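Structural description and commentary
One letter stands for each residue in the lines below.
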Amino acid sequence: MAGYRKRMHLKAWLLLAAGLGTPLPAPAQQAPAGQTELQQLRSELKQIEARIDALEQAALKQAAQAQSAQSQSAAQQPAPPAPLVNPGAPPTPAAVAVTPPPPTGAEAVMKAEDKGMDTMDAGMGGVMINIPHVPELKIHGFGDVRAFLANQNLAVINPFDPGVTTPSTEGGNSTFALGIMDLFITSQISQKFSYLTEMGFEADPLSNGIGVDLERAQLSFTPNDKFSLSVGRTHAMLGYYNTAFHHGTWFQTTIDRPHIFEFEDSGGPLPIHNVGVAAMGKLPSGKLGLHWFAEAGNGKQTYSLEATVTPANVLADHTGKSTNIGLLARPEKIDGLQAGFNWYQASLVPVVALLPGYGTPAFAFPNAVDYYKQNIYIAHIVYIQPKFEFMLEDAEMRDLPRGSVKPLYTSGGYAQISKVFGVVRPYARFQWLNPNFKDPNNAWAGRWVGPNAGVRWDINAFIALKLEYSHYDWKSFSVDANANQVLPILHKTIDQLGTQITYTF
């Protein structure tokens, strides 16, 4: 095989030499007798290698001569004429850098996306801003479907909106109902900044139409566990339930929230939402685990032409701002235990002429005034474990009318307990809401006192089925033909069976 490769090598160089037009060395004489073929090939190879060296030297010499001739030709050409110089003009730079125009349209968007840049205005020729870290938006969803059967007209016992009640001639004793379809959106903007928003698609019980509510939209700054700051629309830090459970019903054990913590647009008396600023942090308290919190905001809107009972998103109906301060403890020795207290104060400015039933013979608030100073005190103690929960809260609302020394009180709260057995969680709750029916700020919430008992079955990690029985001692205003709340006050006993399938996706 080695001899064959050498013969092929010899033939190749013979062809190369023939192509260059260079005379070949004389072929070797025939080997004398007794000389082996190997010796003959070695002799021929030495002659070929010597010839290759000679050819390489000749090629290098020819290249050097060609380069020298080209340089002489360039030197003999005349130099270009010198430009005219204005003595008063500044010196002209040797070269001017030309910057191409920034890309626009689809090209700009494509380039921005490829480089991890902001594309908000790239398509209009705007400046592309380099973003070193692109926040990741995460979306979670929650929803539920319900069914109720009661011994009373559901339109009468569920007024939903303060001052706007479905007439008692409408509705029935049973219904299927869509719950809220809640989108929970979060983004970790940086190590210390985060964003949260909650958007709800809800069915209006009065029109049966679907509306969209921006429930929360808050930007938070959390440098450490001793201090955090949030701005925007938040859930007010009132007690435990309002900070632990939000609009997704999948998280809570029961079908509904306690009536004292019901949302404003569903008939709850508390200022559940806050538009403003909130701060909280951990205090140096050792194993006691003390935390502080404070809030300031627009406060609860009262009856006016432009405002509803929900907090103002843009313009408050009065100058005074609400404040809320509190303290809570989470002892290290008892995992899951929390106890706390908070104090909320605000100004309420109802427009008397717009109160429910105003101008009718049975107007419920003949002594109403246009200003109330409101104070709310809430205390809670909870013990939460994966398979056991106990929650107890009480809220006392104190409204003092202008020019009076006699405050009007509304109280509410609940006690709830549950325990898990496999995939089933039986639960029981007793709740109370006792408004002062002479107070136009809280009377429309009605009286709700009684027990709830039920069971929650977690079908899997994302879907749960609840079955619940409720019994209430209920009081509220009568309703006239125009849906105005008027006197006299109705008093009923309500028995209701409800079911709910709730899910997260």
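Cut-offs used in this document
- Residues numbered from 1 in each chain as written.
- Predicted model: local features only at pLDDT ≥ 70, side-chain atom pairs only at ≥ 80, totals over all residues.
- Heavy atoms only, no water.
- Helix = DSSP H or I, 4+ residues; strand = E, 2+ residues; numbered from the N terminus.
- Buried < 20%, exposed > 50% of the residue type's maximum accessible area, 1.4 Å probe, protein only.
- Contact = heavy atoms within 4.5 Å.
- Areas by Shrake-Rupley, 256 points an atom, 1.4 Å probe, with all protein chains shown as cover.
- Core = buried A, V, L, I, M, F, W, Y, C linked by side-chain atoms within 4.5 Å.
- Salt bridge = Lys/Arg side-chain N within 4 Å of Asp/Glu carboxyl O.
- Phe/Tyr/Trp six-rings, centres within 6.5 Å; stacked < 30°, edge-to-face > 60°.
- pLDDT = per-residue confidence, 0-100.
- Patch = residues over 30% accessible without salt bridge, like charges linked within 9 Å, V, L, I, M, F, W, Y side chains within 5 Å.
- Polar contact = N/O pair within 3.5 Å; in protein donor to acceptor, adjacent residues only side chain to side chain.
- Pairing = 2+ DSSP bridges.

**A few points about the overall build of the chain**
- Helix and strand counts for the chain stand at five helices and 17 strands.
- Counting only residues that meet the buried cut, the chain has 37% of its 505 residues in that class.
- In the chain, once contacts between residues fewer than 6 apart in sequence are set aside, the share between residues at least 24 apart is 57%.
- Working note: accessible area of the chain is about 28,400 Å², and carbon and sulfur atoms make up 63% of it.

**Focus: the nonpolar core**
- With 32 residues, the main nonpolar core has Phe-261, Leu-270, Met-391 and Trp-448 as its most contacted residues.
- Contributing elements (two or more residues each) for this core: strand S1 (137-150), helix H4 (154-157), strand S10 (337-348), strand S11 (372-385), strand S12 (388-401) and strand S16 (463-479).
- If we ignore the near neighbours within four places in the chain, the residues touching Trp-448 are Ile-157, Asn-158, His-259, Gln-431, Trp-432, Leu-433, Tyr-472, Asp-473, Trp-474 and Ile-494.
- Leu-348, Phe-365, Phe-437 and Phe-477 belong to the second-largest nonpolar core, a separate cluster that totals eleven residues.

**Some thoughts on the pattern of salt bridges**
- This model, assessed by the stated rule, comprises seven salt bridges.
- The residue Arg-216 makes a salt bridge to Glu-198 at a minimum N-O spacing of 2.8 Å. Of this pair, Arg-216 sits in strand S5 (residues 210-224) while Glu-198 sits in strand S4 (residues 193-203), placing them 18 residues apart in sequence.
- Several salt bridges converge on common partners, so that one network encompasses Asp-144, Arg-146 and Asp-256.

**Describing the packing of aromatic side chains**
- Counted according to the given criterion, the structure contains 18 aromatic pairs.
- With a centroid separation of 6.0 Å and 80° between ring planes, the pair formed by Phe-363 and Phe-365 is classed as edge-to-face. A single burial state applies to Phe-363 and to Phe-365, both of which are buried.
- Plain terms: the ring middles of Phe-430 and Trp-432 are 6.4 Å apart, the flat faces sit at 35° to each other, and that makes the pair tilted.
- Its relative accessible area of 40% is what places Phe-430 among the partly exposed residues.
- In textbook terms, an aromatic cluster arises when at least three aromatic residues are bridged by ring pairs, as seen for Tyr-240, Tyr-241, Phe-245, Phe-261 and Tyr-414.

**Comments concerning the confidence of the model for the chain**
- Taken over all residues, the pLDDT of the chain has a mean of 82, while the share at 70 or more is 76%.
- Under a pLDDT of 50 for its full length, residues 1-29 has, in the predicted model, 16 contacts with residues more than four places off or in other chains.
- Per-residue pLDDT stays below 50 along residues 116-120; that stretch engages in 15 contacts with residues further than four places along the chain or on separate chains.

**Examining a nonpolar patch on the surface**
- On the surface, Val-145, Leu-178, Ile-210, Val-423, Trp-457, Ile-459, Leu-465 and Ile-501 cluster together to form a nonpolar patch covering roughly 690 Å² of accessible area.
- With respect to the helices, strands and loops of the structure, Leu-465 is situated in strand S16.

**Examining the side chain of Gln-338**
- With respect to the element layout, Gln-338 can be found in strand S10.
- On the accessibility criterion, Gln-338 (10% relative accessible area) is buried.
- At a separation of 3.1 Å, a polar atom in the side chain of Gln-338 contacts the side chain of His-380.
- Setting aside anything within four residues of it in sequence, one finds Gln-338 in contact with Tyr-240, Leu-328, Ala-329, Arg-330, His-380, Ile-381 and Val-382.

**Here we look at the pairing of strand S13 (residues 408-419)**
- Looking at chain direction, S12 and S13 are connected through twelve bridges and run antiparallel. Bridge assignment links Met-397 to a residue of S13, and that residue is Thr-410.
- Connecting S12 to the next strand, S13, in antiparallel fashion are six residues, including Gly-403 with a positive phi near 80°.
- Taken together, the eight bridges between S13 and strand S14 (residues 424-434) define a ladder with antiparallel strand orientation. Note on S14: the bridge partner recorded for Gln-416 is Arg-429.
- Taking the residues between adjacent antiparallel strands as the criterion, S13 and S14 are bridged by four residues, where Gly-422 takes a positive phi near 70°.

**Things to note about the environment of Asn-224**
- Within the fold, Asn-224 resides in strand S5.
- Put simply, Asn-224 and Lys-282 are 58 residues apart on the chain and 9.2 Å apart in space, counted from C-alpha to C-alpha.
- One polar contact links the side chain of Asn-224 to the main-chain amide nitrogen of Lys-226, over a distance of 2.9 Å.

**Some words on the pairing of S12**
- The alternating pattern of S12 places Glu-389, Met-391, Glu-393, Ala-395, Met-397, Asp-399 and Pro-401 on a buried face, while none of Phe-388, Phe-390, Leu-392, Asp-394, Glu-396, Arg-398 and Leu-400, on the opposite face, is buried.
- The sheet contact formed by S11 and S12 spans 14 bridges and is antiparallel. When the sheet's bridge partners are listed, Ile-381 is paired in S12 with Leu-392.
- The loop that links S11 with its antiparallel partner S12 comprises two residues.

**Some points on unusual backbone geometry**
- The omega torsion across Leu-487 and Pro-488 is 5°, close enough to zero to call that bond cis.
- Looking at the element boundaries, Pro-488 is found in strand S17 (residues 485-504).

**Observations regarding the side chain of Asn-324**
- Within the secondary structure, Asn-324 is located in strand S9 (residues 322-329).
- The exposure class assigned to Asn-324 is buried, which follows from its relative accessible area of 1%.
- At 3.0 Å, the side chain of Asn-324 forms a polar contact with the backbone oxygen of Met-237.
- Leave out the neighbours within four places in its chain, and Asn-324 touches Met-237, Leu-238, Phe-293, Ala-294, Glu-295, Asn-342, Trp-343 and Tyr-344.

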